[in-house]
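What follows is the residue order along each chain.
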Amino acid sequence: MSSQPPEPKAASAVPPTVLSGFQQFTSQDAFSSDSLHPFASNPEENLSALRKLLEIANQAALSLNAQSTLPLSNPKLLSLYRQQTQISHAVQEADQNVRHIVSSLRKRVNIMYGEDIPLERTQLPAWFLKRLLDWGTSAGMEAFNDPERDGHSTVVLGGKVLVVDIDFSVDRTDPGRPIVDVATCKTSYAIPNSSATTSTGNSVSLDGFLADAIHAFLREVQKDDDKRDSVEAARLGGLLSDHLRYLMKLDHLALSEGEGGLRWFNFIDRMSIEVEKLASSEAEAICRQESGVKVPLDIFLVRSHALPLPYLTTPSISFLTYLSPLAYLHLLRTGPASSVDTAHLPKLDVSFPHLRDALTSHPRPIGATYATLVLSPTAPPAYHADSMSMSALDTRSSSSLVPSAAEMEHVFPAAREAQGPQGQQFTWVLDFTDGGKCLGVVMSQSRMREIELVVNPFSGMDHIENVQTPSFVTSSWVNLLVRLNSQNSLSPERYTALYTSPTSAHPPLQLRLTTPNEPGFVLEAVPVRTLKEVWSILEIVREQCWLNEALRSCPWIPEGLGLDLTNESPDDATVTDEDLQAVLKGTIQPRSIPVNVSLPSASTTDPLFGSTDMDAFALGPPSTAARRARIVMTTPERPPISGLVEIAVAFDPGRARGVAVDVVGAMGVDLRVDVLEEVCRRGGLFGLPGRVWKKAHEAL
């Protein structure tokens, strides 16, 4: 009887060896740690990889059971098997390393070659028109170009439903430097073989969006040679190409749906008009409360719904969710001295053109969080198959500025009713990564559960509690936030930072942060069906962003890894009577003030018995009042008083400045809460203990 194992069939998908079957799962990118939850950009990648691993394990078990019955008593044969295994392992490892390097190079973000701009300026018009035709063709459009006549040239890009008609002006006043610009851009769409009254239309906003994208590319490629950036031109050209591809998705869906398919194009415009009117009403309500003419943008974002920005980065609608104090200050200082208000837009202290230019600048501004509603080429989740309306369950609004906002509802076109090319399915998602160009939002586990309850009220992510956190997931969401943009893999329990007053009003504050024992995840994309779901999700994200940006305002380092942060040498050992009296009276100036910082986690219900109050019988997310994000700081009382001063800062959209400050202790100190809240609004949250210390010593 032969001792050789049976050869696999040629048509079988079984790996040739057990080693090669498992070797593919040992690569560095076999399992992505960023896709361990359903709200990642590609949550199905890890799931399919785990299914394949289980299949390989079953096949390996069958193969090993079959091999165990063979009489392997020949020492030479065993030696050859061992040698063959070592050679196969080396070959597989080398092949795996090469594949990993190639895959990493292909997946690089923001790495591109420069645009091949002709050196001869006279060739720019013809080169640009050819590039535009190539982008349209690659997106699946039919492209036509009329020859230049009387300084004008026309390009027509058409799908089955959508037609884009662009007229360019060519200024040849200087024959050696012709200048191309967009004269007009008009989009139109019509369903073939349908009535003209119900199946035709156009979008003025889409016209302006495409014209601006083309104009930005032309402005970059027609700069002087010493100022022109070919890489930036390639980036702008890639964005324009992506816009055309996205419009072709809508074109395929509208065509496959037939009569009424134009809703894929016009529902964004209709919804944008209503949400902009709501934003204006909320801004007027804040103006009446504060007796002002214009609303500060940062206060508007924390007290009202997210600010709608149609056609910001894609042919869809984006929602500005949060701005850090530093980002808001930068917008104020770089904005124009005067601006013209638009009638249908909210009156804010930052003009909309300046805000749009800042948000779409490259690289993306730090401290700005916005999400975009886009169609994603992924199958809808299983719970989306239930068409029952859940408008009463998916509402999580903390804004009461406009009572009629609760009645506003928009159900997005159901992508499951129509399919794209080759039967491809699409899902509406709320994207926080700008199409994969940036990182998502670090979220705590409790707030991820809240998002799950919004999109699927009858499920919830309760199963996460019983799953052991993998070794490559940090033990606390704060660790994930601190090391998100660094190579540090440590997960300490405490961090330290030194907060110094810009005006030296108080001694440096030695901050000591204890990380909450709650895992974290990176939120990237959430499947949504209605506008109420979008608003509820953005309110949860806004609260988390307030915590994240507050923590990012200090340079945290793991406790025990840094040197003396005060960088001061010890004073002279000689102590005078005046020093002793200053210590007894509490007037001595300390080198630093110790401050303990904690982040209380949201209260969770008992998984066995549920909540003890009537909220346990309510459907949907529980009340938000008990789950406000809070930062608690404790510092010693001024000598000779013993005890601690506790300063709690909570995110509260109902307050005038979006935060609520509560001070426990500090006996005999006159503190104005409104002043402390204004300090938090301007980014000085961690400086509150220093202000309390200063007030206490002024009262002596």
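For the structure, check the block above.
Residues numbered from 1 in each chain as written. Predicted model: local features only at pLDDT ≥ 70, side-chain atom pairs only at ≥ 80, totals over all residues. Heavy atoms only, no water.

**Remarks on the overall build of the protein**
In step 1: Broken down by element type, the protein carries 16 helices and 19 strands.
In step 2: For the protein, the proportion of its 700 residues judged to be buried stands at 45%.
In step 3: Put simply, the protein shows about 36,700 Å² of open surface, and 54% of that area lies on carbon and sulfur atoms. (Helix = DSSP H or I, 4+ residues; strand = E, 2+ residues; numbered from the N terminus. Buried < 20%, exposed > 50% of the residue type's maximum accessible area, 1.4 Å probe, protein only. Areas by Shrake-Rupley, 256 points an atom, 1.4 Å probe, with all protein chains shown as cover.)

**Here we look at helix α11 (residues 445-455)**
In step 1: Burial analysis of α11 places 10 of its 11 residues in the buried class, which makes it a mostly covered element.
In step 2: Turning to α11, its buried residues number three or more, namely Q445, S446, R447, M448, R449, E450, I451, E452, V454 and V455.
In step 3: Looking at the packing, one finds that the buried side of α11 touches β10 (441-444), β13 (520-523), β14 (525-527) and α13 (531-552). (Contact = heavy atoms within 4.5 Å.)

**Focus: the pattern of salt bridges**
If charged atoms from side chains of opposite charge come close, those side chains can pair.
In step 1: Tallying each qualifying case throughout the model produces 22 salt bridges.
In step 2: Between R681 and E678 there is a salt bridge, with its nearest N and O atoms 3.1 Å apart. Residue R681 and its partner E678 are located together in helix α15 (residues 673-681), separated by 3 residues, close to a single helical turn.
In step 3: Here E678 falls in the buried class, since its relative accessible area comes to 17%.
In step 4: Sharing partners across several salt bridges, the network here consists of D298, R657, E678, R681 and R682. (Salt bridge = Lys/Arg side-chain N within 4 Å of Asp/Glu carboxyl O.)

**Comments concerning the packing of aromatic side chains**
In step 1: Per the stated rule, a full pass over the model turns up 12 aromatic pairs.
In step 2: When the ring of Y189 is compared with that of F265, the centres are 4.6 Å apart and the planes differ by 15°; the resulting orientation is stacked. Highlighted residues: Y189 in strand β4 (residues 179-190) and F265 in helix α7 (residues 263-290), separated in sequence by 76 residues. The two residues Y189 and F265 agree in class, both being buried. (Phe/Tyr/Trp six-rings, centres within 6.5 Å; stacked < 30°, edge-to-face > 60°.)

**Some words on the pairing of strand β1 (residues 142-145)**
In step 1: Where β1 lies against strand β2 (residues 152-158), 4 bridges are found, and the strand directions are antiparallel. Of the residues in β2, the one forming a bridge with N145 is V155.
In step 2: Linking β1 to β2, which pair antiparallel, is a turn of 6 residues; within it D150 sits at a positive phi near 55°. (Pairing = 2+ DSSP bridges.)

**Structural notes on the sheet that holds strand β6 (residues 307-310)**
In step 1: Ordered by their spatial adjacency, 5 strands build an open sheet running β6-β7-β8-β9-β14, and the pairing between neighbours is antiparallel. Each end of this open sheet is capped by a strand with a single partner; those strands are β6 and β14. Taking each pair of neighbouring strands and ignoring which way they run, the sheet shows an average axis angle of 25°.
In step 2: In terms of strand pairing, strand β8 (residues 368-376) meets strand β9 (residues 427-431) through 5 bridges, oriented antiparallel. Among the inter-strand pairings, S376 is bridged to a residue of β9, identified as T427.
In step 3: In this fold α7 packs onto β6, β7 (317-323), β8 and β9, with an angle of close to 145° to the strand it touches most, β6. (Axes fitted to C-alpha atoms, helices over the stretch in contact; angles between N-to-C directions.)

**Brief notes about the sheet that holds strand β15 (residues 557-558)**
In step 1: Overall, mixed pairing links the 7 strands, which are arranged β15-β11-β12-β16-β17-β18-β19 in an open sheet. Each having just a single partner strand, β15 and β19 (659-664) make up the two edges of the open sheet.
In step 2: Pairing of strand β17 (residues 630-636) with strand β18 (residues 644-651) involves 7 bridges; the strand directions are antiparallel. When the sheet's bridge partners are listed, V632 is paired in β18 with A648.

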